[in-house]
Amino acid sequence: MTKILFVITASDHWTLADGTPQPAGFWAEEAIGPYQVFKEAGYEIAAATPGGVPPTADALSLTAEFNGGEEGAERMRTALREATELAQPLRIEDVTIDDYDAVFYPGGWGPMEDLPDNAESGKLLTDWLASGKVVSLVCHGPAALLATIGPDGTSPFSGYRLTGLSNAEEKLNGLADRAKWLLQDRLVSDLKVDYREAEPFTPHVEVDRNLYTGQNPYSAVPLAQEVVKALS
């Protein structure tokens, strides 16, 4: 059976430039949408977080405002409760990539806090890329790629075409002016990738070799669908 590993932030906040902890976590839509796509494809799912800490869904991502009304919010909350694999994560350092066919990193502001400098996640991503298996990340999830930059300033992901949450979208989110840094900026300046973006909050997926990325929450399901195609 095809098996997918979700690597999820363990942080429940994002520290802003002034030191304020913005409540955060993973964005529910970016985990649950792909989770359902993979389940419908008959895949087995497992999860891992830094330290094996059960992940926190951003409370905003479970509200009526971000789910098309209260009925949609209740569906999201129910789906999250039923996605029991995500609530029982392994430690990232205990993952053996031979056990999985692909890895998927959901976004949310949480990954901006604990994944850019997480050495275990960085090694996992480096090894996964080298294996030729599918590496997929969405929205703020590509922040984890920053942990693949070595002491010489290079990363195996340098030069890859990819996407992730754009500066324009972070501005629309209302926190760009208070952030320590913006994802698009560092993907370009530090990771030295070929960053591509579409209009804010429209579905956009980039595929370059075995790297699959999505720009924003609306790209999560299309990204998962591309992963299923690649594994079929």
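This text goes with the structure placed above it.
Treat the numbers as computed from the prediction; the structure is a model and nothing was measured.

(A) Layout of the sheet that holds strand β4 (residues 44-49). Pairing is mixed across the open sheet formed by seven strands, whose spatial order is β5-β4-β1-β6-β7-β11-β10. Both edges of this open sheet fall to β5 (90-91) and β10 (205-208), since each of them pairs with a single strand only. Helix α7 (residues 220-231) contacts β1 (3-7), β6 (102-105), β7 (134-138), β10 and β11 (211-214) of the sheet and is inclined by roughly 175 degrees relative to β7.

(B) Summary view of the layout of surface pockets. Taken as a whole, the largest pocket spans an internal volume of roughly 340 Å³. What lines the largest pocket is a set of 15 residues, and nearest its centre among them are Trp27, Phe66, Asn173, Phe201 and Pro217. Grouping the constituent residues of the lining of the largest pocket by class yields nine nonpolar, three polar and three charged. Each pocket or cavity is described by its volume, and for the second largest pocket that value is around 170 Å³. Among the residues making up the lining of the second largest pocket, the classes are represented as five nonpolar, four polar and two charged.

(C) Broad picture of the packing of aromatic side chains. Tallying each qualifying case throughout the model produces nine aromatic pairs. Ring geometry for Trp27 and Phe66: centres 5.2 Å apart, planes at 85 degrees, overall edge-to-face. With a gap of 39 residues between them, Trp27 in the loop between β3 (21-23) and α1 (28-40) and Phe66 in the loop between β4 and α2 (70-82) connect regions that are remote in the sequence. Judged by relative accessible area, Trp27 falls into the buried class, the value being 12%. Plain terms: the ring middles of Phe201 and Tyr218 are 6.4 Å apart, the flat faces sit at 80 degrees to each other, and that makes the pair edge-to-face. Residue Phe201 is found in the loop between β9 (194-195) and β10, and its partner Tyr218 is found in the loop between β11 and α7; the two are separated by 17 residues along the sequence. Members of the aromatic cluster, each reached through a chain of ring pairs, are Phe6, Phe38, Tyr43 and Phe104.

(D) Broad picture of the nonpolar core. Counting 71 residues, the largest nonpolar core has Leu5, Phe6, Phe38, Leu86, Tyr105, Leu124 and Trp128 as its most contacted members. In terms of residues, this core owes the most to one element, α1, which gives six residues. With sequence-adjacent residues up to four places away left out, Leu86 is seen in contact with Phe6, Ile8, Ala31, Ile32, Tyr35, Ile45, Ala47 and Pro55.

Cut-off values and rules
- Residues numbered from 1 in each chain as written.
- Predicted model: local features only at pLDDT ≥ 70, side-chain atom pairs only at ≥ 80, totals over all residues.
- Heavy atoms only, no water.
- Pairing = 2+ DSSP bridges.
- Helix = DSSP H or I, 4+ residues; strand = E, 2+ residues; numbered from the N terminus.
- Contact = heavy atoms within 4.5 Å.
- Axes fitted to C-alpha atoms, helices over the stretch in contact; angles between N-to-C directions.
- 1 Å grid on protein atoms, 1.4 Å probe; cavity = no way out; pocket = protein on both sides within 12 Å on 5 of 7 lines; lining within 4 Å.
- Points joined across faces, edges and corners; volume = space filled by probe spheres on them.
- Nonpolar A, V, L, I, M, F, W, Y, C, P; charged D, E, K, R; others polar.
- Phe/Tyr/Trp six-rings, centres within 6.5 Å; stacked < 30°, edge-to-face > 60°.
- Buried < 20%, exposed > 50% of the residue type's maximum accessible area, 1.4 Å probe, protein only.
- Core = buried A, V, L, I, M, F, W, Y, C linked by side-chain atoms within 4.5 Å.

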